[in-house]
Amino acid sequence: MPAGSDNEQQQGVVVIEEQIPDDRDSIQPGDRVLLIVEDDVNFASILIDIAHEKGFKAVAATRGETGLSLARRFHPDAVTLDIALPDMEGWTVLDRLKHDKATRHIPVHIISGDDEGSRSLKLGAFAHLEKPVTKEALDDAFAKIMGFVERPNKSLLIIEDNETQRSAITELIGEGDVDITAVGTGEEALNTLRERRFDCIVLDLGLPDMSGFDFINTMKNDLQINDIPIVVYTGRELTRKEETELKLIAEAIIVKDVRSPERLLDETALFLHRVEANLPANKRQILEQLHESDPVLAGKTALIVDDDMRNIYALTSLLERHKMKVLYAESGAEGIEALQNHKDDIDVVLMDVMMPEMDGYEAMRRIRANEEFRNLPMIALTAKAMKGDREKCMEAGASDYITKPIDAQQLVSLLRVWLYR
């Protein structure tokens, strides 16, 4: 029976979701299950047919919130995900999946009109396919998914010239579900990549025969390998220019310090799609402690614009728990003034839309009219889910929106998506 999400029903708004005929009522233990999150009903039906051809049972959702609910219910072997969904961006769905221990390991294949393959990999997606897609491209995508799902062990290539470091990384990451190949030079690594496929690479920048930058460029341009996540693990301080360049070509950058082994374990677990519950207890504990603080949010500054001090207080306590700094204003005009006074400090704006005098829509329009704030993330806070709210917020200049009462997990997820730069 078509129905809105629980969140929408609690707020008195029922958004009818079209139910696509799928296999949810016939799934048996041992079945391979694919979750399809796609709002184009015709395309979703095509994906279901291909899934059946490849031996998967399929469950489908046309909305992000429903997709997340189905992921928790069915624990699928893989997910295909569209980015342009009616209730939230696919990036938020991906982030929520990758920050839930129960679903983090599930490979997510983005199939979207967005040409953002590198962003997909950085956020933990398995692969990215840009629409419009051919039948051949879909067949290849499903073959890749099937190959990954059926392979019990994942493969990691470590490129590090220091033998002690190589052994330490191997011991840190290695366990029964990961096959590790460790080499000491760029040339050895390139030869290894010519012979076989890897799921992830850990790369030191200071190699004896070539720089890490040269290695990545050779791998991508000469070997035409663009879809293996690269975790740069380096002991030297990077210049701003080097850091900017690396962010364009690598999925994660870790400068070696006291906490860096924990981060390395975490990033490789994400990109190798490891099941956290299957890791040894000491490694699970490392990851749990690391996830208590979020490096994407820590140290960032949010401006809250809301005329209700109770909302400001609740949001401030939530953000401060994630080590964020908070400024606030109690009207649209004050919000614009605060932004002008702290323009170099503010990373994101949380804008209530229902305020007296100048409402949030007008405040966002005025902020966006200023060239300096053209790319500033702004998340609109709306009182209740009404049809057309999302479009109205986006037209006013919001990057995204969330309805009150605010779901803490969803807000934190939105912030991670928009602050992940």
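1. Digging into the sheet that holds strand E6 (residues 154–159)
(1) Moving on: Here 5 strands make up an open sheet; going across it, the order is E7-E6-E8-E9-E10 and the pairing parallel. Two strands close off the open sheet at either side, each with one partner strand: strand E7 (178–183) and strand E10 (252–255). The average angle at which neighbouring strand axes cross in this sheet is 15 degrees, direction not considered.
(2) Moving on: Note: E6 against strand E8 (residues 200–203), 4 bridges, orientation parallel. When the bridges of E8 are listed, Ile158 appears paired with Val202.
(3) Moving on: Here helix H9 (residues 212–221) sits on the sheet in contact with E6, E8 and strand E9 (230–234), set at roughly 155 degrees to E8.

2. Things to note about the layout of surface pockets
(1) Moving on: Volume-wise, the largest pocket comes out at about 1600 Å³.
(2) Moving on: Around the largest pocket, the lining comprises 46 residues; the ones closest to its centre are Arg263, Glu267, Pro295, Val296 and Tyr420.
(3) Moving on: Elements that contribute at least two residues to the lining of the largest pocket include exactly helix H4 (90–98), helix H5 (117–122), helix H10 (240–249), E10, helix H11 (260–271), helix H12 (281–291) and helix H17 (408–419).
(4) Moving on: Looking at the lining of the largest pocket residue by residue, the class counts come to 17 nonpolar, 7 polar and 22 charged.

3. Looking at the sheet that holds strand E14 (residues 378–382)
(1) Moving on: Strand order in the open sheet formed by 5 strands is E12-E11-E13-E14-E15, and the pairing between neighbours is parallel. Sheet topology places strand E12 (325–329) and strand E15 (400–403) at the edges, where each strand pairs with a single neighbour. Taken pair by pair, the neighbouring strands of this sheet meet at an average axis angle of 20 degrees, ignoring direction.
(2) Moving on: For strand E13 (residues 348–352) and E14, the ladder comprises 4 bridges, and the chain directions are parallel. Looking at E14, one finds that Met351 is bridged to Ala380.
(3) Moving on: Helix-sheet contacts for helix H14 (residues 332–341) involve strand E11 (301–305), E12 and E13, and the interaxial angle to E11 is about 160 degrees.

4. Quick look at the pairing of E7
(1) Moving on: Examined bridge by bridge, E6 and E7 share 6 bridges and lie parallel to one another. For Leu157, the partnering residue across the bridge sits in E7 and is Thr181.

Parameters at a glance
Residues numbered from 1 in each chain as written. Predicted model: local features only at pLDDT ≥ 70, side-chain atom pairs only at ≥ 80, totals over all residues. Heavy atoms only, no water. Pairing = 2+ DSSP bridges. Helix = DSSP H or I, 4+ residues; strand = E, 2+ residues; numbered from the N terminus. Axes fitted to C-alpha atoms, helices over the stretch in contact; angles between N-to-C directions. Contact = heavy atoms within 4.5 Å. 1 Å grid on protein atoms, 1.4 Å probe; cavity = no way out; pocket = protein on both sides within 12 Å on 5 of 7 lines; lining within 4 Å. Points joined across faces, edges and corners; volume = space filled by probe spheres on them. Nonpolar A, V, L, I, M, F, W, Y, C, P; charged D, E, K, R; others polar.

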